[in-house]
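# Coordinates in review
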Amino acid sequence: MSAHRTTLRRAGTVAALATAGVLAAAGAASAHVTVHPESYAKGATDGVITFRVPNEEDKASTAKVQVYLPTDHPVLGVLVSPQDGWSAKVTSTKLKTPIKTDDGTITDAVSEITWTGGKIGAGHYEDFNVAFGQLPDGTDQLAFKALQTYSDGNVVRWIEETTGGEEPENPAPVLKLTAKGADAEGSTSTSAASTTATKTSDKSAGSSKSTASDSDSTARGLGTAGLIVGVLGLAAGAFALVRSRSAGSRAE
């Protein structure tokens, strides 16, 4: 009987580890700070980008969010949308190379936005909307490094850029910039940008505090897969037990 118990215990352990691994991967996949939409056309004007910040801690809430805008390829005309419960501080910096536009020469641009005063609880996320006047056209993507500070003092640094095709542990939110006039996942024209802004605003008003798990179908799929793996593991253990007993009966 001890051999039977050992077989079941081992099968159960394997199933539990497999399930935990899949569920952990699902949680990690949904916990990153991201930017939406994922892409815009180069040089796009009068649009909105949204920084989605999920809370990945069970015993602490997110109390501060800092987003750093690139200054080598600056975003022009940045405006921050009012956010219930949050106060935004916008910091600008002098540009090394002034930018000439139809409205004149621009010598400084927003380099940092810091949101404080609010709270993102466990299992929830918040959308932070930022309007822009014009995106740069001399690069293929913009990386927005971000710092997420929790109520217990822990700081998660979303600053790593993807290299070699593998996603780093703490990736920075990245906005892809596509060729002008090309189809993109986000907006490629002013009208499309306006549509995105409207949808984002509506979502912020009604569901920006929705649970992160509800917003990530991939995570749910991985969780289901983990449960299936667990069931299969237990079934394998039961089969091994029956087989072992049958062998014992034949031996007698």
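Provided above is the structure to which this section pertains.
The shown structure was predicted, so the numbers you read here are calculated from the model rather than taken from an experiment. (Residues numbered from 1 in each chain as written. Predicted model: local features only at pLDDT ≥ 70, side-chain atom pairs only at ≥ 80, totals over all residues. Heavy atoms only, no water.)

### Quick look at the sheet that holds strand 3 (residues 45-54)
An order of 1-3-8-5 is seen for the four strands of this open sheet, with the pairing classed as antiparallel. The open sheet has two edge strands with one neighbour each: strand 1 (34-36) and strand 5 (79-80). Alignment of strand 5 against strand 8 (residues 125-134), held across two bridges, turns out to be antiparallel. Within the sheet, the bridge partner assigned to L79 lies in strand 8 and is A131. (Pairing = 2+ DSSP bridges. Helix = DSSP H or I, 4+ residues; strand = E, 2+ residues; numbered from the N terminus.)

### With respect to the side chain of R52
Among the secondary structure elements, R52 is positioned in strand 3. Polar side-chain contacts of R52 include one of 2.8 Å to the side chain of D127. (Polar contact = N/O pair within 3.5 Å; in protein donor to acceptor, adjacent residues only side chain to side chain.)

### Some words on the nonpolar core
Ranked by internal contacts, the top residues of the largest apolar core, which has 30 residues, are I49, L135, F144 and L175. The element contributing the most residues to this core is strand 7 (residues 104-120), with four residues. Excluding residues that lie within four positions of it along the chain, L135 makes contacts with Y40, A41, G43, A44, V75, L142, L175 and L177. (Core = buried A, V, L, I, M, F, W, Y, C linked by side-chain atoms within 4.5 Å. Buried < 20%, exposed > 50% of the residue type's maximum accessible area, 1.4 Å probe, protein only. Contact = heavy atoms within 4.5 Å.)

### Observations concerning the sheet that holds strand 2 (residues 39-41)
Taken in spatial order, the three strands of this open sheet run 2-12-9, and their pairing is mixed. The open sheet has two free edges, formed respectively by strand 2 and strand 9 (141-143), since each of these has just one partner strand. On average, each strand axis in the sheet is inclined to that of its neighbour by 25°, with strand direction left out of account. (Axes fitted to C-alpha atoms, helices over the stretch in contact; angles between N-to-C directions.)

From the geometry alone we can't say anything about function, so treat these as descriptive.
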